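Residues per chain, in single letters:
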Amino acid sequence: MGDDAFGINRATIVRMVEEIAEITHMGVEVAVVIGGGNIFRGVAGGSVGMDRATADYMGMLATVMNALALADTMNKAGLVARVMSAIGIEQVVEPYVRPKALQYLEEGKVVVFAAGTGNPFFTTDTAAALRGAEIGAAMVLKATKVDGVYTQDPNKYPDATRYSRISFDDAIKGNLGIMDATAFALCRDQKLPITVFSIFKHGALKRVVLGEDEGTLVFA
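The following paragraphs examine the structure supplied in this document. A quick note: this is a predicted structure, and the numbers were derived from the prediction, not measured. In this numbering scheme, every chain counts its residues from 1 along its sequence in written order. Two thresholds apply to this predicted model, a pLDDT of at least 70 for residue-level local features and 80 or more for giving and counting side-chain atom pairs, whereas whole-chain, interface and lining totals are computed over all residues. Side-chain numbers come from the whole structure's heavy atoms, not from hydrogens or water.

### A closer look at the packing of aromatic side chains
Only Phe, Tyr and Trp rings take part, Trp by its six-membered ring, and two of them pair if their centres are within 6.5 Å. Stacked means planes under 30 degrees apart, edge-to-face means over 60, and tilted covers everything else. Enumeration over the complete set of coordinates arrives at two aromatic pairs. A centroid spacing of 5.4 Å and a plane angle of 85° characterise the contact between tyrosine 96 and phenylalanine 113, whose relative ring orientation is edge-to-face. Of this pair, tyrosine 96 sits in the loop between strand 3 (94–95) and helix 4 (98–106) while phenylalanine 113 sits in strand 4 (residues 110–114); the two residues are 17 residues apart in sequence, bridging distant segments of the chain. Residue tyrosine 96 shares its accessibility class with phenylalanine 113, and that shared class is buried. Across from the ring centre of tyrosine 104, 5.8 Å away, lies the NZ or CZ of arginine 82, which sits over that ring. For arginine 165, the ring lying beneath its charged end belongs to phenylalanine 219, and the centroid distance is 4.5 Å. Elements are defined by DSSP. Helices are runs of H or I of four residues or more, strands are runs of E of two residues or more, and each kind is numbered from the N terminus. Burial classes: relative accessible area under 20% of the type maximum marks a residue as buried, over 50% as exposed, and values in between as partly exposed (1.4 Å probe, protein chains only). Counted as over-ring charges are cases with an Arg CZ or a Lys NZ within 6 Å of the ring centre that also lie within 35 degrees of the ring normal.

### Here we look at the sheet that holds strand 10 (residues 216–219)
The four strands are arranged 5-9-10-8 in an open sheet whose pairing can be described as mixed. In the strand order of this sheet, the two ends are held by strand 5 (140–144) and strand 8 (165–167), each with one partner. Strand-to-strand twist across the sheet, computed as the mean angle between neighbouring axes with direction ignored, equals 20°. Between any two strands, pairing holds if DSSP finds at least two bridges. Pairing geometry for strand 8 and strand 10, over three bridges, is parallel. If you follow serine 167 over to strand 10, its bridge partner there is phenylalanine 219. For helices, the fitted line uses only the C-alpha atoms of the stretch in contact; every axis is such a line through C-alpha atoms, and the angle between N-to-C directions lies from 0 to 180 degrees.

### Let's talk about helix 3 (residues 52–76)
Under the 1.5 Å per step criterion, the end-to-end length of helix 3 is 37 Å for 25 residues, consistent within 8% with the ideal 36 Å. Definition of a polar contact: a pair of N or O atoms within 3.5 Å, with one able to donate and the other able to accept a hydrogen when the atoms are protein atoms, and with sequence-neighbouring residues admitted only if both atoms are side-chain atoms. Structurally, the start of helix 3 carries an N-cap: the backbone nitrogen of alanine 53 is 3.1 Å from a side-chain oxygen of aspartate 51. Remark: glycine 78 follows helix 3 within two positions and exhibits a positive phi of approximately 100°. Each helix should span, by expectation, one fewer than its residue count multiplied by 1.5 Å.

So, in structure tokens, the structure goes:
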């Protein structure tokens, strides 16, 4: 969305692809789960009073549009991307099939998982945790607005400090709100570490992958 009110900002998506390309060229297998808030925001007014499940399905379809835009930009940048949707839209994208996703990753392709989990009432975070667990990911990387997990909201409390590392149990005790409860519990149960980092910091993704002090690592 960039600085726009809604929609897809070209400069933003190109920058994201550059960051992903950097680690892909290092031999890292990358799968991406993308949300749809930037598109759904444009119709949010019309969704007032709408059935929750219907609104969620609309949001999932918005993620398919984002996934197509992201994959197209990746392909133009020299990467090979494949979009796999949890909702069947075979004329547009292929359905999510776990063995096929694993094959694509082994071949060095970037897999973009679209349409969330395919079910209403589940967030993008939960989709990321679920797909991460299914493909045996080494880590879930949560790219967000802040550069890690803080003791307090850094926008409200200037003296808030960033955790370099924190355990799942301590994050739960501190009610730090890293992910929604379902996603967080799934990562904890599967001992799937999470790194929270800023999507706006240039080179942050590469530094996380290299194990540098970037963002916050949440571990079992």
